[in-house]
Every structure is written in C-alpha cells, then in structure tokens.
Amino acid sequence: MEGFIAALTIFVLAIFVGFEVITKVPPTLHTPLMSGSNAISGITLIGALIAAGMGHTWLTTLLGVLAIILATINVVGGFLVTHRMLAMFRRKR
Amino acid sequence: MSATWQNLAYLIAAVLFILGLKGLAHPRSAPRGNLLGALGMLLAIVATLAGGGIIGWGWIFVGLAIGGVIGLVLALKVQMTAMPQMVALLNGFGGAASFLVAATALALQAEVPAGFTLQFTIATAASGVVGSVTFWGSLVAFWKLQGLPGENWQGFPGVQLVNIVLVLLCVALGWIIVAQPPAIGVYWLLVLVAAVLGVLLVVPIGGADMPVVIALLNSYSGVAAAATGFVLSNSVLIISGSLVGASGLILTAIMCKAMNRSLPNVLFAKFGGESSAPKADDIYEGKVKATTAEELAMMLEDARRVVFIPGYGMAVAQAQYAVRDLANLLESRGINVEYAIHPVAGRMPGHMNVLLAEANVPYEKLREMDDINPEMAQVDVAIVLGANDVVNPLARADGNSPIAGMPIIDADKARQVVVVKRSLSPGYAGIPNPLFAADNTVMFFNDGNKAVQEIIAAVKAT
C-alpha cells in the first residue's frame, strides 16, 4: 500500500506540473506540442524493453518485441517529426 | 548498474522531459526543448538496458531497429497537411504498446500468484482498456483523416447505447481481473471489448470535429502510459504519462472552447444543419457581389493593412505558397500583411500555423484570434480563404444557430472583406453565412490557389 501511495503522489504532482508547463505553450506551437508529447508517451518503450528482455516464454518475448516496435515508432517518429516542424518556424528576415 | 543508479537516471530523464515541454513556450527555444526531451528518452533507454536482468538482447535490437526505421521513414516522408493522421497513428501505437506491456507483465506475474497487489491488477485492467481504446480509436481517426473508403460512415442508430453496454462490460471484466488474477484470458477479452468500444466511440464523429478527437486520444495515450507505470511501479512512466495526459486534456478543452461546445456534445451529439437557421436564399438573394482579380488588385493597391483569414480549405487547395507570394508582393509595396488564425482553423490544434510556417511565413505574422479581433476595425482588406464557419457573424447574433456563441474572427468589421470560395455552399455547420452578403463584402468565386495566382498577376500588372 505504501508503494501505491508513493506512486499516486508522483502521479498527482506530475499532472499539476503538466498543467503549469503546458498552459504556457502558445497556440502556434500546439501541433509540435502534440507530436512532441506523443514521443514522450512512447516512454512505455522501457517497459517493453524489460518485458522482452526477460526471455521468459516465447509468448512474452513476442508481445514484448511487438511493444518495442510500436513504442520505438512512437519515440523516433515523434521526436523527429517535431524537430522537422520546429525547424520551419522562422522569424522575419 | 544498480537499481539506485537506474532510478536516478529515470529522475533525470523525467526532469529533461519537463524542461523539454517548458522549451515549447516559445518558437525560439522550442527546437532545443525537443532535443532535451529526446535526450531524456535516450537516457531512460540506456539506463533500462544497463540495468541488468536482460537476457534476450537479440530480439530487443531487432525490435528497436524495425521500429526505428519505420519511425524514421514516417517522420521524414509525411506531408505537413497529413500531420493530423500522423499524430493519430503515433497516438495509437503508444496505446498499443501500453496494453501489450501490461499483458506481458500479467503473464510474468502469473508465475508468482502471491505477488498480485491491488495496484498491479487495477492498473493492468486500466492499461488494457485505455491502451486498446486509444489504439483502435486512433486507427479510425487515421482512416477518416486519410479519406479512406467509408470515411463518412457515422455508425448506426443507437451506437451510443451499445457504447454504454461496452463500457459496463469493460468494468465487469476488469473486476474479474482484480478479484481473481491472473485471468489472462479475461484480460485479452477485455482488450477485445475495448477495441470495439474504441472504434464505435470515434466512428460517429465528423471530420471537422477531428481536432478534439485527436487531442483527446493524445491524452488517452498518456493515461495508458501512466497506467502501465503503475503496473510496473515505474516512476518515469507515471510522470511522462501524466504530463502527456494533462497536455492532451488542455488541448481538448481549448478546442471545445473555440467551438463553444462541451466535450460530451462533440463526442455524442450530431452537429449542424438545424432547421432554425435562416434560409440561404433569404440571406443571399440579390445581395452577393462577385468580383474579379483586377478589381481586387485595385482594392489592395489602396490598402495599408491586409489580413488573411485562412481555413482548412486553403490547405486543401495547397494555396499557402501562393498566399505567401502575394503577401511578399504586397509587403514590397509597403502594405502591412498579417494572418488571423482561428484555433480550429486546421484539422488539429495549431495545424494552420505549421502549414504557413512551412510556406516560410514568419511566426510573428501569425496572430491569434483574441489578439487580432480588437484591431479588425482598422484593417483595410480582410481576405477570407477557405474558411467559413469561423467568420460567420451568426455566431454572435443568432441564439438558435448551431454555432451560437462560438468565438469567431471578426472579419466583417474590416473596411472591406474579400471571400475566396468556389460557391456559396455552407461549411461544416451546414448554415448560410451572412458575411457573404454583407455590404462591405465581395466574393471571388474561384479555386483557392488559382484565385491567389490571378490576384498576384493582376497586382503586378497595375
């Protein structure tokens, strides 16, 4: 139970941090914000790495590798496309 | 690497994510912010791999390589107009990864049945439901945005009733997982039911409401990651998941506010075309004035301040490059040119800004609705291009209209208004637009791109 309360504490505080930080993002950057935050939600990748790496049964390995593929697409695609977009935002010459 | 060092590395990764999102507060600091986020991710991955306990290295690298290449190709090839589909797809993949990881964790934990905690089982069920809904809902959103066959299918009568039954079924199946773990078969049944729910939740939603759906699915993908964090008792997953969940929720709220509709109304109600709206003929009859490129060129010659009001139609016509050329031409003659962007102008939050940025329009020239509206009376010419409902004055006046109360860009307050449009056809709301018949409005009936090209030629000729 104590572990759960600690995790819940982190969860609730992180939501508040999220609200504080995200409300400061201007509307002009909302698309990069979505693709960028999307890349961050690909953090599930580390759970997938642990699951696949255990090599427990062929089934857990298969599910783990599938999760790695999907999460890696999310991470690599997300950060890269965000980078591509942000590079287009220029000031007046 | 000991668990202590690993957790410290995760803490640094979480801090980098927060700093990265903080960087997005300004276009200048945003590229660095994105790099910080990527650095945090790399650190978390390395810390996980160095953490020990990993036997199957081969499969891990196969997975990373396949996913990396697909992600690379997707990110480099995607057109900016297709960004909503891309983000929908990425949302979905994140959700799918979450329910797969939860499934693996459940299978591994089944070896030590005594180890099941309430946190683990509840989080696993949540991860399965939210992950699956996110994945299948995102696929439907992708399907609709990509314009694949059947995109306009909006479900069957009573679809919301079926959804309520599916939600109750999910709760019941989740309860079994919590009460009698491991229940692996029940978990997969839960994922299946949630899949149907995900499809049926998004199917009834129309094209122009997609910004809300994508933002909401964005939030869901974060919630799924956070739930997986509770499954694995992993703090960096919980932190990142809640950051993304909060972000998606804020964007959802902003989009709903920009349409003056509640989230349940967007998700569950049919929209537009109410009979209470005034008849198109009564409004347009004898009052609509068509114009030519030459007349517009003369009008622009005398202007000192011009504002473009772009809508999604501009992107469809690929007219943003021509618009930029016209803007450059006008600026070279000392005319001030800006762009007024409505929050729901594109197919996702901020979409219009990216499309104009791609066409080399400096970001200082992209003005927010609330920011530019007080100045609209000082604008000499407002050029509405591919937008309709977001400049409809009925939103301010008519209490019965489906768009009543929706904040609009006050195009009608400009001294002269030019509407570039193929015909007088209504927008998504299905109602006529009195702006087209206003005294200070002229219509230029033409394809968006061709229209702007012709205006450029006419301005050069004067």
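None of the values given here were measured: they were computed from a predicted structure. (Residues numbered from 1 in each chain as written. Chains lettered and ligands numbered in written order. Predicted model: local features only at pLDDT ≥ 70, side-chain atom pairs only at ≥ 80, totals over all residues.)

> Mind showing me how you'd approach the overall build of chain A here?
Looking only at helices and strands, chain A features four helices and zero strands. Starting at the N terminus, the α and β elements of chain A follow one another as α-α-α-α. Relative to its length of 93 residues, chain A is extended, with a C-alpha radius of gyration of 18 Å against a globular reference of 12 Å. Here the C-alpha coordinates of chain A stretch approximately 60 × 35 × 15 Å along the principal axes. (Helix = DSSP H or I, 4+ residues; strand = E, 2+ residues; numbered from the N terminus. Rg over C-alpha atoms; globule rule 2.2 N^0.38 Å.)

> Is there a simple way to explain the nonpolar core in this structure?
General note: in soluble globular proteins, nonpolar side chains tend to be found buried as a group. Counting 192 residues, the largest nonpolar core has Ala67 and Ile68 of chain A together with Ile309 and Val384 of chain B as its most contacted members. Aside from chain neighbours lying at most four places away, what touches Ile68 of chain A is Leu45, Ala48, Leu49 and Ala52 of chain A together with Ile60, Gly63, Leu64 and Gly67 of chain B. (Core = buried A, V, L, I, M, F, W, Y, C linked by C-beta atoms within 7 Å. Buried ≥ 20, exposed ≤ 12 C-beta atoms within 10 Å, placed from the backbone. Contact = placed C-beta atoms within 7 Å.)

> Sorry if this is basic, but what is going on with the sheet that holds strand 6 (residues 441-445) of chain B here?
Picture the strands of a sheet paired through backbone hydrogen bonds; they go either parallel or antiparallel. Residues and elements named next belong to chain B. The six strands are arranged 3-2-1-4-5-6 in an open sheet whose pairing can be described as parallel. A single partner strand is all that each edge strand has here, and the edge strands are strand 3 (366-368) and strand 6. Each adjacent strand pair in this sheet contributes to an overall mean axis angle of 25°, direction not counted. In terms of strand pairing, strand 4 (residues 381-385) meets strand 5 (residues 416-421) through five bridges, oriented parallel. Bridged to Ile383 within strand 5 is Val418. Along the sheet face, helix 15 (residues 351-358) touches strand 1 (305-310), strand 2 (336-341) and strand 3 and points at about 145° away from the line of strand 2. (Pairing = 2+ DSSP bridges. Axes fitted to C-alpha atoms, helices over the stretch in contact; angles between N-to-C directions.)

> I would appreciate a short explanation of helix 3 (residues 57-77) of chain B in the present structure.
Turn by turn, an α-helix covers 3.6 residues, leaving residues three or four places apart pointing in a common direction. For helix 3 of chain B, spanning 21 residues, the distance from its first C-alpha to its last is 30 Å, which sits close to the expected 30 Å at 1.5 Å a residue. Lining the buried residues of helix 3 of chain B we find helix 3 (44-53) and helix 4 (58-86) of chain A. (Expected span 1.5 Å × (residues − 1).)

> For this particular structure, what's the right way to read the domain arrangement of chain B?
Frequently, the measure chosen for interface size is the accessible area that the parts lose on association. All names here are of chain B. By domain assignment, chain B separates into domain 1 (78-268) and domain 2 (280-461). Centre-to-centre, using C-alpha coordinates, domain 1 lies 37 Å away from domain 2. On the domain 2 side, the residues contacting the 17 residues of domain 1 number 15 residues. Those elements giving two or more residues to the side of domain 1 that touches domain 2 turn out to be helix 4 (83-109), helix 8 (210-232) and helix 9 (235-259). Sorting elements by how many residues they give to the side of domain 1 that touches domain 2 places helix 9 first, with five residues. Of the residues in the side of domain 1 that touches domain 2, the class split is 15 nonpolar, two polar and no charged. (Domains from an automatic or database assignment. Nonpolar A, V, L, I, M, F, W, Y, C, P; charged D, E, K, R; others polar.)

> Before we go on, may I ask you to explain unusual backbone geometry in this structure?
Where the residue is not glycine, phi is negative for most of them; where a peptide bond is considered, it is trans in most cases. All names here are of chain B. The residue after Pro181, namely Pro182, is reached through a cis peptide bond having omega 5°. Phi at Asn260 takes a positive value of approximately 50°, unusual for a residue other than glycine. Following the sequence through the fold, Asn260 ends up in the loop between helix 9 and helix 10 (263-268). Phi at Asn360 takes a positive value of approximately 70°, unusual for a residue other than glycine. Following the sequence through the fold, Asn360 ends up in the loop between helix 15 and strand 3.

> Would you mind showing me how to read the interface of chain A and chain B here?
Taken residue by residue, the interface counts 78 residues in chain A and 93 residues in chain B. For the side of chain A that touches chain B, the elements supplying multiple residues, two or more each, are helix 1 (2-22), helix 2 (30-41), helix 3 and helix 4 of chain A. A total of 27 residues in the side of chain A that touches chain B trace back to one element, the largest contributor, which is helix 4 of chain A. Looking at the side of chain A that touches chain B residue by residue, the classes come out as 47 nonpolar, 26 polar and five charged.

> How do you make sense of the environment of Gly47 of chain A when you look at a structure like this?
Tracing the backbone shows Gly47 of chain A in helix 3. Exposure remark for Gly47 of chain A: the 30 C-beta atoms within 10 Å place this residue in the buried category. Along the backbone, Gly47 of chain A and Ala71 of chain A are 24 residues apart, and their C-alpha atoms lie at a distance of 9.8 Å. Non-local contacts of Gly47 of chain A, meaning those with residues more than four positions away in its chain, are made with Val101, Thr228, Leu232, Asn234 and Leu237 of chain B.

> Is there a simple way to explain the packing of helix 3 of chain A against helix 2 (residues 30-50) of chain B in this structure?
The axes of two packed helices give the description: the angle between them and the distance between them. Between helix 3 of chain A and helix 2 of chain B, the least distance of the axes is 10 Å, while the angle of their chain directions is 15°. On the basis of the axis angle, helix 3 of chain A is roughly parallel to helix 2 of chain B. In this structure, helix 3 of chain A meets helix 2 of chain B at a crossing whose hand is right-handed. Taken together, the residues of helix 2 of chain B that come into contact with helix 3 of chain A (itself represented by Leu45, Ile46, Leu49 and Ile50 of chain A) are Ala44, Ile45, Thr48 and Leu49 of chain B. (Parallel < 35°, antiparallel > 145°, perpendicular 65-115°, else oblique. Left-handed = near helix turned anticlockwise from the far one by under 90°.)

> Just to check I follow, could you spell out the pairing of strand 2 of chain B for this structure?
In summary, the side chains of a regular strand alternate between the two faces of the sheet. All names here are of chain B. In the sheet, strand 1 pairs with strand 2 via four bridges, with the strands oriented parallel. Residue pairing across strands places Arg305 opposite Asn336, the latter belonging to strand 2. In terms of strand pairing, strand 2 meets strand 3 through three bridges, oriented parallel. The residue of strand 3 that forms the bridge with Tyr339 is Leu366.

> Quick question: what am I supposed to make of the environment of Arg324 of chain B here?
All names here are of chain B. Assignment of secondary structure puts Arg324 in helix 14 (residues 320-332). C-beta crowding within 10 Å serves as the criterion here: with 21 such atoms nearby, Arg324 is assigned to the buried category. Sequence-wise, Arg324 and Ala357 are 33 residues apart; in three dimensions their C-alpha atoms are separated by 10.0 Å. Beyond its immediate stretch of four places on either side in the chain, Arg324 contacts Ala359, Asn360 and Val361.

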